[in-house]
Amino acid sequence: MYGQKPIVLLFYVPGNADDSSVLETLNRLKSSFDGYAFLVYDYKVPEAYGDVSTLLQVGYPPELILIDKAGVIVRIWNGYVDEGTLNQGLVDLGRS
């Protein structure tokens, strides 16, 4: 097994409307998902995350990547995602 926690990765650009909205939604939801690892990266500061965006083939943000406990990418959203959809994706991630 890869690890004990599902991982939620967000690549975003500060100040962009869609990016800010997705980040705010993620911040609201994460308190309901205690057993998850949430990693948020500023797309304009690539030295903060090294080769992660290249390895995951991140397009232009906002991009949310959901990785299950086994280390398998189960969902990728590129662009805006609403709160209901993101919440359901996080619930499903915990079940995988």
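Residues numbered from 1 in each chain as written. Predicted model: local features only at pLDDT ≥ 70, side-chain atom pairs only at ≥ 80, totals over all residues. Heavy atoms only, no water.

Draft legend 1. Fine view of the overall build of the protein. Scanning the protein from terminus to terminus reveals three helices and four strands. Sequence-ordered secondary structure for the protein, helices as α and strands as β, is β-α-β-α-β-β-α. Relative to the compact-globule value of 12 Å for 96 residues, the protein shows a C-alpha radius of gyration of 13 Å, a close match. By its C-alpha atoms, the protein is 30 × 30 × 20 Å across when sized along the principal axes. With 96 residues in all, the protein has 40% of them scored as buried. Counting contacts in the protein only where the partners sit at least 6 residues apart, residues at least 24 apart contribute 65% of the total. Carbon and sulfur atoms provide 50% of the accessible area of the protein, an area that totals close to 5,400 Å². A gap of 7 Å separates the mean positions of the 7 positive and 12 negative side-chain charges of the protein. (Helix = DSSP H or I, 4+ residues; strand = E, 2+ residues; numbered from the N terminus. Rg over C-alpha atoms; globule rule 2.2 N^0.38 Å. Buried < 20%, exposed > 50% of the residue type's maximum accessible area, 1.4 Å probe, protein only. Contact = heavy atoms within 4.5 Å. Areas by Shrake-Rupley, 256 points an atom, 1.4 Å probe, with all protein chains shown as cover. Lys, Arg positive; Asp, Glu negative; His and termini not counted. Charge placed at Lys NZ, Arg CZ, Asp CG, Glu CD.)

Draft legend 2. How the structure looks around the pairing of strand β2 (residues 37-42). When strand β1 (residues 7-12) meets β2, the two strands line up parallel, connected through six bridges. By the bridge assignment for β2, Phe-11 is matched with Tyr-41. Between the parallel pair β1 and β2, the chain is carried across by helix α1 (residues 17-29), and the sense of this crossover is right-handed. (Pairing = 2+ DSSP bridges. Right-handed = clockwise from strand over helix to strand, strands pointing away.)

Draft legend 3. Spatial organisation of helix α3 (residues 83-95). Its 13 residues give α3 an end-to-end C-alpha distance of 19 Å, which sits within 8% of 18 Å, the value for a rise of 1.5 Å per residue. Among the residues of α3, those classed as buried are Leu-86, Gly-89, Leu-90 and Leu-93. The buried residues of α3 occupy an angular sector of 100° when projected down its axis, which confines them to one face. The inward-facing, buried residues of α3 abut β1, α1, β3 (63-67) and β4 (73-78). (Expected span 1.5 Å × (residues − 1). Arc of directions from axis to C-beta.)

Draft legend 4. Representation of the nonpolar core. Judged by nonpolar contacts, the single largest core of 17 residues is most densely connected at Val-8, Leu-10, Leu-26, Tyr-36, Leu-64, Leu-86 and Leu-90. Sorting the residues of this core by element identifies β1, α1, β3 and α3 as the ones contributing at least two each. The residues contacting Val-8, other than those within four sequence positions of it, are Leu-26, Tyr-36, Ala-37, Phe-38, Leu-39, Leu-64, Ile-65, Leu-66, Leu-90 and Leu-93. (Core = buried A, V, L, I, M, F, W, Y, C linked by side-chain atoms within 4.5 Å.)

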